[in-house]
Amino acid sequence: MNKYIITCLGLVLGTHAAMADDAWSLQQCVDYALANNISVRSSALQAENADLDVTAAKDAFLPTVSASASEGFNFGRGLTSENIYANRNTSNFQWGLSMSVPLFQGLSDVRQLKVARSTLRRYLLEHEVAREDVTLNVIAQYLQVLYSREITGSARAQLEYSTYEVERQRALVDAGKVAEASLYDAEAQQAQDRLQVITSENDERVALVNLANLLQLKSADGFDVLPLEEEDPEIPGPDIVYSRATEHNSSILAARQSIQVARDNISLAKTGYIPRLNFDASIGSSYYTVSGLTNEPFGGQMRNNFSTYLGFRLTVPIFDAFSTRNNIRKARLQETSASLELDRRESELYKSIQLAYTQATGAREKYIASGQTLEKTRLSFEAVREKYNLGRATPVEFEQAKTNLFKVEVSRISARFEYLLRTRILRFYETNRL
């Protein structure tokens, strides 16, 4: 029997170790989510698109070169050089090569590049915002899995009590010391506790599935998480957390960058009042034939019809139907809107930190108090169970004591994980790390 027990323990421990090897830590879950989450990947694509806009703004400084060629045919009556109409078939071939060099674009190209770079920085910060949101969601869902697991463990302990009581009542019925009604009551309570275990296990599986979906895993089969080693983390003060969060929080930095983008757009819109200067150059030639007449050879016409063009083109905006004025006004409205968005995000961040701090301190106090209550409740339950075993307490009193113990355990587990979650959130706001 001892060898059998040792062998069973070895198998259980081996299975547990294998599960631990396959289980994911919180850091692993966060890293995997950041690499695979759709929201994070979408924000990365937006940043890449903004980077292409920067490249396009740089390319605007380059000259443009284009080539053209055309061939045309005319059939039927047409006006001749003698100013009479006659049936003549003509053909015309033309080619050309042109270039335009932007010498001065009213600083629009320079300011457009500045806008593109500012926009790129904003999208990079928005990408970090998506990463931070996913990190917080993973932390919350990870702790939800651990919370559901502890609730399941407490429910199984209650089922063990009920199972023991069923065996005890069955032995008493077989000995003729109690009526069968007592056994039926114990079996009914066992069924209720088994249902509670099933419900808790299902909640745990749902929490694991939700976490797996957040990580973009194809399936939650075989997916598991490791417990946290942290037991009593320190709660940082809300003012310190907020002060440090405003220095590195990506949401705040992105809102500030949006204001800068709006200001750069105002500067860009003002370039509509500035003249622009371009240098243009082109070369080309043509070949023309008329049926029924002697035509100069192709090479001769190409040489004789060859032409070149060099010129400067100055564009002075005099009246553009108030287009520039309206663009400036719109850009200033965007600046005002961006300032309001910054105020909103700062207010939401402050409220979130204050709420997390209040919930963390309340949960810690509840956790400490529930620990003392749990100790007393467990002693009370043991006393009632001893009295019940001796026949000095009724089944109702025993079940009431067991239910009270379960409620206190659930309350303590809930307070503990609320405490851990809110403290983790505060720490993340403060340090931008897990």
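Scroll up for the structure.
Let me sum up the structure you'll find in this document. Just so it is clear, the model here is predicted, and its values are computed rather than measured.

## Let's talk about the overall build of the protein
Reasoning step 1: Along the backbone of the protein there are 10 helices and six strands.
Reasoning step 2: At 40 Å, the protein has a C-alpha radius of gyration far larger than the 22 Å of a compact globule built from 434 residues.
Reasoning step 3: Dimensions of the protein along its principal axes, counting C-alpha atoms only, are 140 × 50 × 40 Å.
Reasoning step 4: Relative to its 434 residues, the protein shows a buried fraction of 36%.
Reasoning step 5: Put simply, 82% of the contacts in the protein that link residues at least 6 apart link residues at least 24 apart.
Reasoning step 6: About 25800 Å² of surface is accessible on the protein, with carbon and sulfur atoms providing 55% of the total.
Reasoning step 7: If the 48 positive side-chain charges of the protein are averaged to one point and the 53 negative ones to another, these points end up 6 Å apart.

## Re the nonpolar core
Reasoning step 1: With 50 residues, the main nonpolar core has Val138, Leu211, Leu215, Phe223 and Val225 as its most contacted residues.
Reasoning step 2: At the level of elements, helix H2 (26-36), helix H4 (108-174), helix H5 (180-214), helix H6 (238-248), helix H7 (250-270), helix H9 (323-389) and helix H10 (395-431) are the ones that each hand at least two residues to this core.
Reasoning step 3: Not counting residues up to four positions away in its chain, the partners in contact with Val138 are Leu26, Cys29, Val30, Ala33, Leu211, Leu214 and Leu215.
Reasoning step 4: Core analysis: the next-biggest nonpolar cluster, separate from the first, contains nine residues, Phe381, Phe398, Ala401 and Val408 among them.

## Notes on the packing of aromatic side chains
Reasoning step 1: As enumerated under the stated definition, the model contains 13 aromatic pairs in all.
Reasoning step 2: Ring geometry for Trp24 versus Phe223: centroids 5.4 Å apart, planes at 80°, classification edge-to-face. Of this pair, Trp24 sits in the loop between helix H1 (2-22) and H2 while Phe223 sits in the loop between H5 and H6, and the two are 199 residues apart along the sequence.
Reasoning step 3: Accessibility expressed as a relative area gives 8% for Phe223, which makes it buried.
Reasoning step 4: Taken together, a centroid distance of 5.2 Å and an interplanar angle of 85° make the contact between Tyr242 and Tyr350 edge-to-face.

## Focus: the side chain of Thr324
Reasoning step 1: On the secondary structure map, Thr324 appears in helix H9.
Reasoning step 2: Among the polar contacts made by the side chain of Thr324, one reaches the side chain of Asp320 at a distance of 2.5 Å.
Reasoning step 3: Thr324 has contacts with Ala269, Gly272 and Tyr273, leaving out every residue within four places of it along the chain.

## Looking at H4
Reasoning step 1: For H4, which comprises 67 residues, the first-to-last C-alpha distance of 98 Å matches the rise-based estimate of 99 Å (1.5 Å per residue) to within 8%.
Reasoning step 2: At the C-terminal side of H4, Gly176 shows a positive phi close to 75°.

Definitions and cut-offs
- Residues numbered from 1 in each chain as written.
- Predicted model: local features only at pLDDT ≥ 70, side-chain atom pairs only at ≥ 80, totals over all residues.
- Heavy atoms only, no water.
- Helix = DSSP H or I, 4+ residues; strand = E, 2+ residues; numbered from the N terminus.
- Rg over C-alpha atoms; globule rule 2.2 N^0.38 Å.
- Buried < 20%, exposed > 50% of the residue type's maximum accessible area, 1.4 Å probe, protein only.
- Contact = heavy atoms within 4.5 Å.
- Areas by Shrake-Rupley, 256 points an atom, 1.4 Å probe, with all protein chains shown as cover.
- Lys, Arg positive; Asp, Glu negative; His and termini not counted.
- Charge placed at Lys NZ, Arg CZ, Asp CG, Glu CD.
- Core = buried A, V, L, I, M, F, W, Y, C linked by side-chain atoms within 4.5 Å.
- Phe/Tyr/Trp six-rings, centres within 6.5 Å; stacked < 30°, edge-to-face > 60°.
- Polar contact = N/O pair within 3.5 Å; in protein donor to acceptor, adjacent residues only side chain to side chain.
- Expected span 1.5 Å × (residues − 1).

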